[in-house]
Amino acid sequence: MSGDIAQRVLEGDRRALTRILTWVENGYPEARDALRSLFPHTGRAHIVGVTGPTGSGKSTLLGALAREYRNMGRSVGIVAIDPTSPFSHGAILGDRIRMQDLTSDPEVFIRSMATRGALGGLAAATNDVVTVLDACGKDVVLVETVGAGQDEVEIADTAHTTVVINIPGAGDDMQAIKAGILEIADILVVNKADLPAAESVFKQLHIFMALDRNEGWQVPILKTVSHKGQGIIELLQAIDDHRAYLEKSGRLDQMRRQRARRQLLAAAQADLLSNLLSAAESNGRLDKLVDAIVDRELDPHTAAEKLITSTGN
Ligand SMILES: Nc1nc2c(ncn2[C@@H]2O[C@H](COP(=O)(O)OP(=O)(O)OP(=O)(O)O)[C@@H](O)[C@H]2O)c(=O)[nH]1
Ligand SMILES: [Mg+2]
């Protein structure tokens, strides 16, 4: 069944694609078989992470980029990771309106994912969604995340090219620098360059990046006005340049290996933990150890050791 549906995904069936993505996001057992069938067909897409503060124009920029890729005849997958916030429904709705013209294009596929409920598994679920879009033949997969915590670092693990958006008015002290997210940037974008304060952000970024002694890839700093499509061709060119750099320098091969290793360890970790937990839950061992911690008979570390040695395999 999941083999058939995987075959249909490979043939470009959008309903099959939507279905598999739902399995993947919800961690259904069928997802595993489908991913196994799709995996040999992956590794071709260029994965671009776009991160930046809430409201910085990520979705608008992604839409503009996608349109430009389509002009060039390249197919696009878009994954938007929505923050767990009361506004996220509004954001999804807004994105739908912003990307309306794209949704009717068969060579574009847009998926929104909610971060809530993804028990440490958002990165894994995102990875799997990207894998599926890669397998179905998308040339480029764009992934949007809000740069507000761990997510943007995780996206840097998934993406080949990470674009970090900065905007004027996000504070003169450059929140992004403070948060350290510039370190993950392969390309820096000052979006909302139509606003007067953009120039000062642009200058600050230049000053900051001048300190960067990174040899090899020189992080470009670009200006965009996303809702007007300005600067988008230059951004697309910078992404292509970065891809070419990754290939030529051997970085891409290294990344693939690192990624394979991370995925293996993450999968092993998740499996070990779930096996351990289901065994310990069914024989009551987990509850007993929890009681022992509550009663101060055992500290959590010692209890964990006991849990592993008594029920692990
Ligand atoms: N002036 C100006 N406004 C822009 C530009 N790009 C986007 N916007 C506006 O900024 C607002 C937020 O844009 P979004 O694309 O939803 O931003 P986002 O970063 O995806 O937002 P979240 O997903 O909610 O974090 C919208 O009203 C856009 O029209 C720009 O270049 N200049
Ligand atoms: Mg958005």
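This structure is a prediction, so every number in the text was calculated from the model and none was measured.

## Overview of the overall build of the protein chain
Assigned secondary structure in the protein chain consists of 14 helices and seven strands. When burial is assessed residue by residue, the protein chain has 36% of its 313 residues classed as buried. Excluding contacts between residues fewer than 6 apart, the proportion of contacts in the protein chain whose partners are at least 24 apart in sequence is 73%.

## Here we look at the site of ligand 1
With respect to spatial proximity, 18 residues lie near ligand 1, and among them Gly-57, Lys-58, Ser-59, Thr-60 and Ser-226 are the closest. Counting residues per element, the ones that place at least two in the shell around ligand 1 are helix H4 (58-71) and helix H5 (88-98). With three residues, H4 is the single largest residue contributor to the shell around ligand 1.

## A closer look at the nonpolar core
Ranked by size, the top nonpolar core spans 64 residues in total, and within it Val-132 and Leu-142 carry the most contacts. Element by element, the count of residues in this core is highest for helix H7 (residues 122-135), at eight residues. For Val-132, the contacting residues outside a window of four places in its chain are Val-9, Leu-17, Ile-20, Leu-21, Val-24 and Leu-38.

## Points about helix H2 (residues 14-26)
Under the 1.5 Å per step criterion, the end-to-end length of H2 is 18 Å for 13 residues, consistent within 8% with the ideal 18 Å. Listed as buried for H2 are Leu-17, Ile-20, Leu-21, Trp-23, Val-24 and Glu-25. Remark: Gly-27 follows H2 within two positions and exhibits a positive phi of approximately 65°.

## What about the pairing of strand S1 (residues 46-52)?
If a strand is regular, its side chains alternate between the two faces of the sheet. For S1, the buried fraction is high: seven of the seven residues fall into the buried class. Here S1 shows two buried faces, one formed by His-46, Val-48, Val-50 and Gly-52 and the other by Ile-47, Gly-49 and Thr-51. By the bridge criterion, seven bridges tie S1 to strand S4 (residues 140-146) in an arrangement that is parallel. Note on S4: the bridge partner recorded for Gly-52 is Val-146.

## Some details on the packing of H4 against helix H11 (residues 232-249)
Relative to each other, H4 and H11 sit at 75°, their axes nearing to 10 Å. When the axes of H4 and H11 are compared, the pair comes out roughly perpendicular. Residues Ala-64, Leu-65, Glu-68 and Tyr-69 of H4 form the contact with H11, whose own contacting residues are Ile-232, Ile-233, Leu-235 and Leu-236. Class assignment for the residues of the contact of H4 with H11 results in seven nonpolar, no polar and one charged.

## Some details on the packing of H2 against helix H3 (residues 29-38)
Look at H2 against H3: their axes get within 8 Å of each other, and the N-to-C directions meet at 120°. Looking at the two axes, H2 sits oblique to H3. Crossing hand, H2 versus H3: left-handed. Here H2 contributes Ile-20, Trp-23 and Val-24 to the contact with H3, which in turn contributes Glu-30, Ala-31 and Ala-34. Of the residues in the contact of H2 with H3, the class split is five nonpolar, no polar and one charged.

## Brief notes about the confidence of the model for the protein chain
Parts of the prediction with low pLDDT should not have their coordinates interpreted in detail. Model confidence for the protein chain is summarised by a mean pLDDT of 84, while 82% of its residues fall at 70 or above. For the protein chain, per-element mean pLDDT is lowest for helix H9 (residues 175-179), which scores 55, and highest for H11, which scores 97. Contacts from residues 85-89, a stretch scored under 50 in pLDDT, to residues over four places away or in other chains number three contacts.

## Some words on the environment of Ile-187
In this structure, Ile-187 sits in strand S6 (residues 187-190). The class of Ile-187 is buried, set by 21 C-beta atoms lying within 10 Å. On a C-alpha basis, the gap between Ile-187 and Thr-162 in space is 6.5 Å, while along the polypeptide they are 25 residues apart. With residues up to four places along the chain from it excluded, the contact list for Ile-187 reads Thr-161, Val-163, Val-219, Pro-220, Leu-222, Ala-238, Ile-239 and His-242.

## Points about unusual backbone geometry
One non-glycine residue with positive phi stands out, namely Lys-192, at about 60°. Locating Lys-192 in the fold gives a position in the loop between S6 and helix H10 (198-210). Owing to 24 C-beta atoms within 10 Å, Lys-192 belongs among the buried residues under this scheme. For Arg-296, which is not a glycine, the phi torsion comes out positive at approximately 65°. Here Arg-296 falls in the exposed class, since 7 other C-beta atoms lie within 10 Å of it.

## Observations regarding H11
Residues spaced three or four apart along an α-helix face the same direction, because each turn holds 3.6 residues. In this model, H11 (18 residues) spans 26 Å end to end at C-alpha, consistent with the 26 Å of a helix rising 1.5 Å per residue. Listed as buried for H11 are Ile-232, Leu-235, Ala-238, Ile-239, His-242 and Leu-246. Projected down its long axis, H11 carries its buried residues within an arc of 115°, all on one side. For H11, the exposed residues set more than 90 degrees away from the buried face come down to Ala-244, Glu-247 and Lys-248.

Thresholds applied
Residues numbered from 1 in each chain as written. Chains lettered and ligands numbered in written order. Predicted model: local features only at pLDDT ≥ 70, side-chain atom pairs only at ≥ 80, totals over all residues. Helix = DSSP H or I, 4+ residues; strand = E, 2+ residues; numbered from the N terminus. Buried ≥ 20, exposed ≤ 12 C-beta atoms within 10 Å, placed from the backbone. Contact = placed C-beta atoms within 7 Å. Near = placed C-beta within 6 Å. Core = buried A, V, L, I, M, F, W, Y, C linked by C-beta atoms within 7 Å. Expected span 1.5 Å × (residues − 1). Pairing = 2+ DSSP bridges. Axes fitted to C-alpha atoms, helices over the stretch in contact; angles between N-to-C directions. Parallel < 35°, antiparallel > 145°, perpendicular 65-115°, else oblique. Nonpolar A, V, L, I, M, F, W, Y, C, P; charged D, E, K, R; others polar. Left-handed = near helix turned anticlockwise from the far one by under 90°. pLDDT = per-residue confidence, 0-100. Arc of directions from axis to C-beta.

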